[in-house]
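Next come the chains, spelled out residue by residue.
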Amino acid sequence: MGHLAIWGAPGTGKTHTLTGRYIQNKGKKLLVTFRRDTADSIRNMLTDLTGEEVTKDNVNTIHGTCYRLLGGKGYAEMMEAKDYRQFKEDTGYKIVPPEHDPRSPGKSTGLVDCLGWLRNTATPETKITKFPGWMNVKQSPTRAREALKTYEQWKQANGKLDFTDMLTEVLKQRLIPDCDILMVDEFQDLTALQYDIFQMWAGKIKNVVIAGDPLQSIYGFWGGSPDYFQQFQAEHVTLEHSHRLPVKIWEYAVKVAGRDKMEAPPITTGSHEGTITHQTHSKYLKDTGEWQGTPDNTVFHLVRSNYQAPAIAHEMARNGILWDGISGWTEQETAVLNVLIRARQSDNRLIISKYEMLALLEQFPLNVFAYGGTKKSIRADIKKEQREDYGPLFGGESLYKILESPDPVSHMSHKGELKRAKFQNALKRYSKPVKWQDVQATTLTTIHGSKGLEADKVFLHTGITKNIKKGMRRNRAEEARVFYVGITRAKNGLVIVKDKGDNFPLPGGR
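What counts and what doesn't
- Residues numbered from 1 in each chain as written.
- Predicted model: local features only at pLDDT ≥ 70, side-chain atom pairs only at ≥ 80, totals over all residues.
- Heavy atoms only, no water.
- Salt bridge = Lys/Arg side-chain N within 4 Å of Asp/Glu carboxyl O.
- Helix = DSSP H or I, 4+ residues; strand = E, 2+ residues; numbered from the N terminus.
- Buried < 20%, exposed > 50% of the residue type's maximum accessible area, 1.4 Å probe, protein only.
- Core = buried A, V, L, I, M, F, W, Y, C linked by side-chain atoms within 4.5 Å.
- Contact = heavy atoms within 4.5 Å.
- Pairing = 2+ DSSP bridges.
- Axes fitted to C-alpha atoms, helices over the stretch in contact; angles between N-to-C directions.
- Parallel < 35°, antiparallel > 145°, perpendicular 65-115°, else oblique.
- Left-handed = near helix turned anticlockwise from the far one by under 90°.
- Nonpolar A, V, L, I, M, F, W, Y, C, P; charged D, E, K, R; others polar.
- Polar contact = N/O pair within 3.5 Å; in protein donor to acceptor, adjacent residues only side chain to side chain.
- Patch = residues over 30% accessible without salt bridge, like charges linked within 9 Å, V, L, I, M, F, W, Y side chains within 5 Å.
- Areas by Shrake-Rupley, 256 points an atom, 1.4 Å probe, with all protein chains shown as cover.
- Lys, Arg positive; Asp, Glu negative; His and termini not counted.
- Charge placed at Lys NZ, Arg CZ, Asp CG, Glu CD.
- Disulfide = S-S within 2.5 Å.
- Phe/Tyr/Trp six-rings, centres within 6.5 Å; stacked < 30°, edge-to-face > 60°.
- Lys NZ or Arg CZ within 6 Å of the ring centre and 35° of its normal.

Enquirer: Even after reading the chapter, I still don't get the pattern of salt bridges, so can you show me in this structure?
Expert: Opposite charge on two side chains permits pairing when their charged atoms draw close. Scanning the entire structure with this criterion turns up 31 salt bridges. The residue arginine 304 makes a salt bridge to glutamate 479 at a minimum N-O spacing of 2.4 Å. Placement of arginine 304 in the loop between β10 (299-303) and α13 (309-318) and of glutamate 479 in helix α22 (residues 476-487) is noted, with a sequence separation of 175 residues between them. For arginine 304, a relative accessible area of 14% gives the class buried. Here glutamate 479 falls in the buried class, since its relative accessible area comes to 6%. Arginine 349 serves as the salt-bridge partner of glutamate 397, at 3.2 Å between the closest nitrogen and oxygen.

Here it is, written out as structure tokens:
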């Protein structure tokens, strides 16, 4: 079969093409991808299609594959939150911020992320202040380097690995997967470190298939580059038809890429044209009636940077809009909302399910529950019980009175302004319980967070930070690829919102 590179624009079915080849080809196969949820989805899909269980030995993330090559837990335990606390207690160095999950890098807030960035971008520690999140580290370069050196020694002494070690150890030990066919999905997302590992593997494995879209390479700050795809010595093929992109939106995306001399593949699109409109930020705020999606007509609100999201989230909350994503409704909060709606609408005794009682326990203080014990012990007892209504045993009359009161939100734990607005205005707007699918129909997230997803209508905010604007002077193409991704999330309608301050110069509008 040899080496093959599949270029697929958004909606052309890159992953389906790759899984099809996985099924067709015989021999030992390994398919790796960038995201854990994508790997899980592919694994489940292949299990259904083949009728045989496809395990993590065959389909996994690149991190998961590397950990298995090392020997998994038999080689070393992964660092967990408790280990970072123990490290701080043992050494006095604080290397992760509060409530940060060190297994999910990319937040750019602590020294663990800094170390990951250094390794993934092949940046020497002498240039530690180049880390994009350096201003949040709040340590001198000397102390930061001392902390990282101590951290490496502590891990070795305690038999621990962190997220980045999975990769660096495989590269250091030159470990190669035992497979005849290596497949890599979302190839454009590979960091510099991951690309080094891929090159090592590809040099030893006879048949290699990669799938991706160089125009969606948007992780330059982690060492990613569209050049990796182009440089791979292989037969290059293009998937020719997008199953979801409308004509106008694809033509617009091609135009955005072309301004910075990036060539999009020649593809055909669906017969529907799609719509592109431009709005000012003030008009966007006036048209909140268009903000909320439905399961049949989903809506994305995409921002370039997290700093833009709070104002939109507060406006959504003020209008009683349910949304997923940044500061959005969780499944737990939605369950509590439905209990509160039912408490207002029913004349009968309020019935509370197991999941709802667990959700209430998280949202209200311990003293409103009649059941004795700590929250941890109550949670354990709730999970043991099997009954239709958990209210009488665990809630008691004090909880019922609060749920049925005019202002139950005022009794909640950690009731900030946004949370209060979310619940109060949703209770005004909805008279019947809502479904989780209703919440998911509207999403507020960054362009990076939307990658791989799609919506019927997309509000794309063009506001950028001073640092992004400064970086564009060196490489505007990298920023153009970010907005290419945002544009191509839209299945039908694209609304380009010009924000206050600096904006990325998309074509059209005023």
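Having seen it, we continue.
Enquirer: Whenever I open this one, the nonpolar core confuses me. Can you help?
Expert: What tends to happen in soluble globular proteins is that the nonpolar side chains get buried as a cluster. If you look at the biggest cluster of nonpolar residues, it comprises 91 residues, and the most contacted ones within it are Ile95 and Phe198. Ranked by the residues each element gives to this core, the list is headed by helix α9 (residues 192-202), at eight residues. When near neighbours in sequence (up to four residues on either side) are disregarded, isoleucine 95 contacts Tyr84, Phe87, Gly110, Leu111, Val112, Ala147 and Tyr151. Residues Val339, Leu340, Ile341 and Val495 belong to the second largest nonpolar core, which totals 52 residues.

Enquirer: Honestly, the pairing of strand β12 (residues 442-446) in this entry has me stumped. Any pointers?
Expert: Remember that side chains alternate between the two faces of the sheet whenever the strand is regular. Burial within β12 is extensive, with five of its five residues counted as buried. Taking every second residue as pointing to the same face, both faces of β12 are buried, with Thr442, Leu444 and Thr446 on one and Thr443 and Thr445 on the other. In terms of strand pairing, β10 meets β12 through five bridges, oriented parallel. Within β12, the residue paired with leucine 302 across the bridge is threonine 445.

Enquirer: Just checking my understanding: could you explain the sheet that holds β12 for this structure?
Expert: Where strands meet in a sheet, backbone hydrogen bonds hold them as pairs that are either parallel or antiparallel. If you walk across this open sheet you meet the six strands as β9-β14-β13-β10-β12-β11, and the pairing is parallel. Strand pairing shows two members of the sheet lacking a second neighbour, β9 (275-280) and β11 (324-325), which therefore form its edges. The sheet strands contacting helix α11 (residues 247-258) are β9 and β14 (490-498), and the helix crosses β14 at an angle near 50°.

Enquirer: Just to check I follow, could you spell out the packing of helix α1 (residues 14-24) against helix α2 (residues 36-50) for this structure?
Expert: Packed helix pairs are specified by the crossing angle of their axes together with the interaxial distance, meaning the distance between the axes. It is the contact of α1 with α2, at a shortest axis distance of 11 Å, that shows an interaxial angle of 45°. When the axes of α1 and α2 are compared, the pair comes out oblique. Here α1 and α2 pass one another in a crossing that is right-handed. Mapping the contact onto sequence places Thr15, His16, Thr19, Tyr22 and Ile23 in α1 and Ile42, Met45, Leu46, Leu49 and Thr50 in α2. Classifying every residue of the contact of α1 with α2 gives six nonpolar, four polar and no charged.

Enquirer: Explanation requested: the environment of threonine 268 in the structure shown.
Expert: Within the element layout of this structure, threonine 268 appears in the loop between α11 and β9. In the structure, threonine 268 is positioned 18 residues away from tryptophan 250 in sequence and 9.2 Å away in space, judged by C-alpha atoms. Among all residues touching threonine 268, those that are not within four sequence positions of it are Glu240, His241 and Ser242. At 2.8 Å, the side chain of threonine 268 forms a polar contact with the side chain of histidine 241.

Enquirer: In this structure, what is going on with a positive patch on the surface? I would like to understand it.
Expert: Side chains of Lys127, Lys130, Lys470, Arg473 and Arg474 sit close together on the surface and give a patch of like positive charge. With respect to the helices and strands, arginine 473 occurs in the loop between α21 (466-472) and α22. You can call arginine 473 exposed: its relative accessible area is 69%.

Enquirer: What's the story with unusual backbone geometry in this structure? I'm lost.
Expert: Glycine aside, residues mostly have negative phi, and peptide bonds are mostly found in the trans state. One non-glycine residue with positive phi stands out, namely glutamate 186, at about 50°. Inspection of the secondary structure puts glutamate 186 in the loop between β6 (181-184) and α9. For serine 327, which is not a glycine, the phi torsion comes out positive at approximately 60°.

Enquirer: Before we go on, may I ask you to explain the sheet that holds strand β7 (residues 207-212) in this structure?
Expert: The strand order β3-β2-β6-β7-β1-β8 describes an open sheet built from six strands, whose pairing is parallel. Every interior strand has two partners, whereas the edge strands, β3 (59-61) and β8 (235-238), have only one. Pairs of neighbouring strands in the sheet enclose a mean axial angle of 20°, with direction left out of account. The pairing of strand β1 (residues 3-7) with β7 spans five bridges and is parallel. Bridge pairing in β7 links isoleucine 6 to alanine 211. Contacting β2 (29-33) and β3, α2 runs over the sheet at an angle of about 175° to β3.

Enquirer: Would you mind going over the state of the cysteines with me for this structure?
Expert: Each disulfide is one covalent bond, formed between the sulfur atoms of two cysteines. Counted according to the given criterion, the structure contains zero disulfides. Cysteine cysteine 66 shares no disulfide, and the gap to the nearest cysteine sulfur, in cysteine 179, comes to 12 Å. Judged by relative accessible area, which is 0%, cysteine 66 ranks as buried.

Enquirer: Can you help me understand the packing of aromatic side chains in this one?
Expert: Each pair of aromatic rings is reported with the distance of its centres and the angle of its planes. Applying the stated criterion across every chain, the model contains 21 aromatic pairs. Between tyrosine 284 and tryptophan 291, the aromatic rings sit 4.4 Å apart at their centres with planes inclined by 25°, giving stacked as the arrangement. There is no split in this pair, since tyrosine 284 and tryptophan 291 are both buried. Between the aromatic rings of tyrosine 284 and phenylalanine 459, the centroid separation amounts to 5.5 Å while the plane-to-plane angle is 65°, which identifies the pairing as edge-to-face. Residue tyrosine 284 is located in helix α12 (residues 281-286), and its partner phenylalanine 459 is located in strand β13 (residues 455-461); the two are separated by 175 residues in the primary sequence. We note that tyrosine 284, like phenylalanine 459, is buried. One aromatic cluster is present, built from ring pairs that chain together Trp7, Phe187, Tyr195, Phe198, Tyr228, Phe229 and Phe232. Cation over ring: arginine 349 sits above tyrosine 400, and NZ or CZ is 3.8 Å from the ring centre. A cation over an aromatic ring shows up here: lysine 422 above the ring of tryptophan 323, its NZ or CZ 5.6 Å from the ring centre.

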